Amino acid sequence: MVALFVLALLVAAAAGRDLRMDGRWQSYMSTHGKVYSMGEEVLRRAIWEDNVQYIETHNRAADQGEHSYWLGENQFADMTTEEFKNTMNGYVMNPHHQVKDLHVPTISIANDTVDWRTKGYVTPIKDQQECGSCWAFSSTGSLEGQHFKSAGKLVSLSEQNLVDCSKKEGNKGCQGGLMDNAFTYIKKNKGIDTEESYSYSGINGRCRFKQASIGATDTGFKDISRSEDALQMAVSEVGPISVAMDASHKSFQLYKKGVYSERMCSSTILDHGVLAVGYGASDDGEAYWLVKNSWGMLWGQEGYFMMARNKENMCGIATTASYPLV
């Protein structure tokens, strides 16, 4: 019965295919290196066509001023939103987490605009692949910035080291984790290896940490009180900050450019770890957070996105922010 049901779905998907989209589909597969079995291709094509229609409908409205951001075809356009968030969003909330050691600003006024990329604090965009290790990339990103601030040298750090080795601290590799747990591991372990010495594989593996390959250390971490004003002060003064967000929506899956704002976003139920590297305002006055993602260069604005700022903590961007102490 199951086989017959699947066959019926495949037949229905094939019958509903828009033949005018054949060339565009072939181009999509080529651009993103997609290879499917015959049966899977029929289903992926149907999902892709549905997402393309969603993109085009949204963008027409954005062109009319109804949205502050635009969507585009990317490597996730052949995935349902449920598949996407189950694969890519690996921030696992701790319901018992209590904000304890808070960052206390030493400045009284934050800068109007900040972009730590221009100061040498930020490594190039990375790609977590089909592994829920976003938390590890957020963690290394913040520590890379703090290590640069302390040592004057930008060192790319190993996310795979965290994926493989920080389970005792509560992380679950590709099945998710927390940035604060990663900072705790690095403190207890007395360091994290460099990316060069412990390269990323995107799968769970055995721990291969080597003391001789340490790229940075930390002595703990600071949490930031749960407000955008506090986050702005921290980003202005400290550097790139680890943050979490609700990234469970199709609009974020297919984001291309502009200031992201999603009315269905939660400020309390978060599922994705990212890195706030700055903030500012667009030409038309839209305040935004400048955020580094870990989904490669083909997603968003060459791997980055702008999140609406001072808009009731959009998508929970300021709910669980933290950074390592160096």
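Residues numbered from 1 in each chain as written. Predicted model: local features only at pLDDT ≥ 70, side-chain atom pairs only at ≥ 80, totals over all residues. Heavy atoms only, no water.

A. Region of the structure containing the pairing of strand S6 (residues 241–245). Counted residue by residue, S6 has five buried out of five residues, so it is predominantly covered. Here S6 shows two buried faces, one formed by Ile241, Val243 and Met245 and the other by Ser242 and Ala244. (Buried < 20%, exposed > 50% of the residue type's maximum accessible area, 1.4 Å probe, protein only. Helix = DSSP H or I, 4+ residues; strand = E, 2+ residues; numbered from the N terminus.)

B. Up close: the state of the cysteines. Applying the stated rule across the entire model yields three disulfides. What pairs with Cys131 in a disulfide is Cys174, and their sulfur atoms sit 2.0 Å apart. Here Cys131 and Cys174 share a disulfide; its torsion about the S-S bond, -95 degrees, makes the bridge left-handed. A residue pair is termed long-range when its members are at least 10 positions apart, and Cys131 in the loop between strand S2 (114–115) and helix H5 (134–151) and Cys174 in the loop between helix H6 (159–165) and helix H7 (179–189) qualify at 43 residues. (Disulfide = S-S within 2.5 Å.)

C. Looking closely at the nonpolar core. Ranked by size, the top nonpolar core spans 61 residues in total, and within it Leu231, Val235, Ile241, Phe305 and Met307 carry the most contacts. Residues Trp135, Leu178, Tyr185 and Ile192 belong to the second largest nonpolar core, which totals 22 residues. (Core = buried A, V, L, I, M, F, W, Y, C linked by side-chain atoms within 4.5 Å.)

D. How the structure looks around the UniProt feature "domain: Cathepsin propeptide inhibitor" (unreviewed entry) in the chain. Annotation from UniProt places "domain: Cathepsin propeptide inhibitor" (unreviewed entry) at residues 25–84. Along residues 25–84, the helical share is 63% and the strand share 5%, with 19 Å between the first and last C-alpha atoms. (UniProt positions renumbered as here; feature names shortened; annotations may be inferred.)

E. Broad picture of the layout of surface pockets. Computed from the structure, the second largest pocket encloses a volume of approximately 180 Å³. If you go around the second largest pocket, the residues you meet are His32, Lys34, Gln75, Phe76, Met79, Met88, Asp127, Gln129, Glu130 and Leu298. (1 Å grid on protein atoms, 1.4 Å probe; cavity = no way out; pocket = protein on both sides within 12 Å on 5 of 7 lines; lining within 4 Å. Points joined across faces, edges and corners; volume = space filled by probe spheres on them.)

F. Structural detail: empty space enclosed by the protein. In the structure shown here, the tally under the stated rule is one cavity of 30 Å³ or more. By volume, the largest cavity is sized at about 100 Å³. Along the walls of the largest cavity sit 14 residues, with Phe137, Ser138, Lys292, Asn293 and Ser294 positioned nearest its centre. Broken down by secondary-structure element, the contributors of at least two residues to the lining of the largest cavity are H5 and strand S8 (272–281). Its residues assigned to classes, the lining of the largest cavity shows three nonpolar, seven polar and four charged. (Nonpolar A, V, L, I, M, F, W, Y, C, P; charged D, E, K, R; others polar.)

G. Representation of the packing of H5 against H7 within the structure. Packing of H5 against H7 leaves a shortest axis separation of 8 Å and a crossing angle of 60 degrees. Relative to H7, the element H5 lies oblique. Our pair here, H5 against H7, has a crossing hand that is right-handed. Between H5, through Trp135, Ser138, Ser139, Ser142 and Leu143, and H7, the contact on the second element is made entirely by Met179, Ala182, Phe183 and Ile186. Of the residues that constitute the contact of H5 with H7, the class distribution is six nonpolar, three polar and no charged. (Axes fitted to C-alpha atoms, helices over the stretch in contact; angles between N-to-C directions. Parallel < 35°, antiparallel > 145°, perpendicular 65-115°, else oblique. Left-handed = near helix turned anticlockwise from the far one by under 90°. Contact = heavy atoms within 4.5 Å.)

H. Quick look at unusual backbone geometry. Positive phi values are uncommon outside glycine, yet Gln129 reaches one of about 60 degrees. Assignment of secondary structure puts Gln129 in the loop between S2 and H5. Positive phi, normally seen in glycine, also occurs at Lys190, with a value near 60 degrees. Note that Lys190 resides in the loop between H7 and strand S3 (192–193). With a relative accessible area of 61%, Lys190 lands in the exposed category.

I. Molecular detail of the packing of aromatic side chains. Tallied over the entire structure, the rule returns 23 aromatic pairs. Connected via pairs of aromatic rings, a cluster forms that spans Tyr69, Phe76, Phe84, Phe252, Tyr255, Tyr260, Trp295, Trp299 and Phe305. Its end group placed over the ring of Tyr304, Arg117 keeps NZ or CZ at 4.5 Å from the ring centre. Here the guanidinium or amino end of Arg309 rests over the ring plane of Trp289, the centre of that ring lying 5.8 Å away. (Phe/Tyr/Trp six-rings, centres within 6.5 Å; stacked < 30°, edge-to-face > 60°. Lys NZ or Arg CZ within 6 Å of the ring centre and 35° of its normal.)

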